[in-house]
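Summary of structural features
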Amino acid sequence: MKNWKKWLTCGMFAMALGTAGISGTKDVKAESVNPALLRQNVAEGEEVPQVGASSSSAVDKRAWRRINGVCYNGSGAEIPGVVTRGIDVSEWQGKINWQKVKNSDIDFAFIRISSGTDYMDKYYDYNMSSANEADLPVGTYVYSKATTTTAALKEAQLAISKMNGYKVSYPVVYDIEYSKMESLSKNQIARMTLAFCNEVKAAGYTPMVYMNTHWYKEKVNMSMLSGLDVWIASYSDKNPAPDRSVYNYGIWQCTAGNLGEGSYMRTTKGLVAGIPKENNVDLNYGFVDYTTRVTPRWSAREGYTPATEASTADISVKNGWYTENGRQCYYINDERVKGWKQINGKYYYFHPVSGNMYVNSLVKVNGVVYYVDKNGVRTAKRWVTKSRNKYYIGSKGIALKGSQRIKGKYYFFDLDTRIMYRNKKLVRNGRIFYFGNNGVRFNGGFKTIRENGVYNTYYFQKNGQAKKGWLRLNGKKYYFYPSGDKAGVCAKHTRIRTASGMIYVFDKNGVYVRRYKRK
């Protein structure tokens, strides 16, 4: 990630040759480097061998890889708690094949925008557009060369302008390791960090700060940055991740990509497909999946106006559940969640405008009806009564519609409202059904229904359909009109004349009495 590592490697090689300076290094646009940086990023307990030294142990095949969901360090030891595996890149990695990177078990990448405000990374635009095309979640970073809050603010505004048009779905990072910052106080560096990160947050992006463990403990007042996510660097093939009870961080940069043979780390050449084989790459392990926290953006939020003065206010970021004005809501990086959101395996619905969580409510979204209970959780496989109307929520959490069989009984739910039919006749494609007071489809014989002030009698068969035409039952004959307004209705206390002139007589109970033909 850092130019100092390139300088460091070149400088060590130059010292080994007995030469003075590093002016001959290839196309280096870098910062002056304090020699103390040589050891700052090395994990405690590790020493940096002299140039030319090499490890006698064989390289473990699991080194810095993820196998069956388990991530390993450079010695093949398991790193517990890791949930994502990513890289960070700059022009030093050359032209990257981002589709191959994504297919190489990489979950995210950080892409350098610039070094300060005076040097733009040559591959930034290519890296962003190609990573977006590969649909790989990306964040960005600026190697800060600021020594004042005003300079840090300008770096943030540069980053915001350069990200316009690209999908950013991981944090935007303030990279602090510049040697000229070392003369500043802990509070000054913390205030610069706040100036950068507050501006990034104001634009709608998720800010983060990068530093190594030495700077975390010795150079920055971390108490001023308590609301900020941290990306921490500590390099070692042998040691585990930095103790998270000591260092509060979400991402660990675990390899120094361009410190290879003869150093305290083995080379990372060839570790990630898509990175040119002649180049190393920094590997990162994530203990937080930021795709669950970051709302992807293609530009600054509407209404953002670049600040004229740096803000060093506390950057308290809302994440998780909050109760505001008596209503529950859920935040991701200071933004209220709206619509459906899965949280800890359960689905909740938040008002599309206010973000307030729905409780004890039917929710209709895109024509589909759901129900959330008193805790706001979307339910399934249960009856729901609202305003005296009954609904049934199916196994997928969706209110059923149409004809449905539930525990061996048939019901019908309105196609639009999903309300269960009760004491109601249904005519579908000429077939007649009736659903009783409990909503169950009637199939028990005669049923008298009051319709338009008149009582009509039907006979419902075992399949639930009303009988039409003649019915012989218990030695008696009945007749049900086959069509028209009286379709399915039993002929009672009436005479019916056929086209041939035959007259059929039915008593008050609908029983066929006799027939005759009028002369």
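Residues numbered from 1 in each chain as written. Predicted model: local features only at pLDDT ≥ 70, side-chain atom pairs only at ≥ 80, totals over all residues. Heavy atoms only, no water.

**Observations regarding the sheet that holds strand E29 (residues 494-497)**
Strand order in the open sheet made by the 3 strands is E29-E30-E31, with antiparallel pairing throughout. Across the chains shown, the open sheet's two edge strands, defined by having one partner strand only, are E29 and strand E31 (512-517). On average, each strand axis in the sheet is inclined to that of its neighbour by 20 degrees, with strand direction left out of account. Where E29 lies against strand E30 (residues 502-506), 4 bridges are found, and the strand directions are antiparallel. Counterpart to Arg495 in the pairing with E30 is Val505. (Pairing = 2+ DSSP bridges. Helix = DSSP H or I, 4+ residues; strand = E, 2+ residues; numbered from the N terminus. Axes fitted to C-alpha atoms, helices over the stretch in contact; angles between N-to-C directions.)

**Here we look at the packing of helix H5 (residues 149-163) against helix H6 (residues 186-202)**
It is at 8 Å that the axes of H5 and H6 come closest, and there the two elements cross at 30 degrees. In this view, H5 runs roughly parallel relative to H6, as classed from their interaxial angle. Seen from above, H5 lies across H6 with right-handed handedness. Along the contact surface, H5 presents Thr149, Ala152, Leu153, Glu155, Ala156, Gln157 and Ile160, while H6 presents Arg191, Met192, Ala195, Phe196, Glu199 and Val200. Along the lines of polarity and charge, the residues of the contact of H5 with H6 split into 8 nonpolar, 2 polar and 3 charged. (Parallel < 35°, antiparallel > 145°, perpendicular 65-115°, else oblique. Left-handed = near helix turned anticlockwise from the far one by under 90°. Contact = heavy atoms within 4.5 Å. Nonpolar A, V, L, I, M, F, W, Y, C, P; charged D, E, K, R; others polar.)

**So, the nonpolar core**
Of all hydrophobic cores here, the largest spans 70 residues; its most connected members are Ile87, Trp98 and Trp252. Counting residues per element, this core draws most heavily on H6, at 8 residues. (Core = buried A, V, L, I, M, F, W, Y, C linked by side-chain atoms within 4.5 Å. Buried < 20%, exposed > 50% of the residue type's maximum accessible area, 1.4 Å probe, protein only.)

**Comments concerning the packing of aromatic side chains**
According to the stated counting rule, one finds 44 aromatic pairs in the structure shown. The interplanar angle of 80 degrees and the centroid separation of 6.2 Å between the aromatic rings of Tyr123 and Tyr126 together place this pair among those described as edge-to-face. Residue classification places Tyr123 among the partly exposed residues on the basis of a relative accessible area of 28%. Relative to Phe413, the ring of Trp383 lies with its centre 6.0 Å away and its plane at 35 degrees, an arrangement referred to as tilted. With Trp383 in strand E19 (residues 382-386) and Phe413 in strand E22 (residues 409-413), this pair connects stretches of sequence that are 30 residues apart. Given the relative accessible area of 29%, Trp383 is considered partly exposed. (Phe/Tyr/Trp six-rings, centres within 6.5 Å; stacked < 30°, edge-to-face > 60°.)

**Points about unusual backbone geometry**
Backbone geometry at Asn366 places phi at a positive 50 degrees, although glycine is not the residue there. One can find Asn366 in the loop between strand E17 (361-365) and strand E18 (368-372). We note that Asn452 has phi near 55 degrees; this positive angle belongs to a residue other than glycine. The residue Asn452 is located in the loop between strand E25 (445-451) and strand E26 (454-460) in this model.

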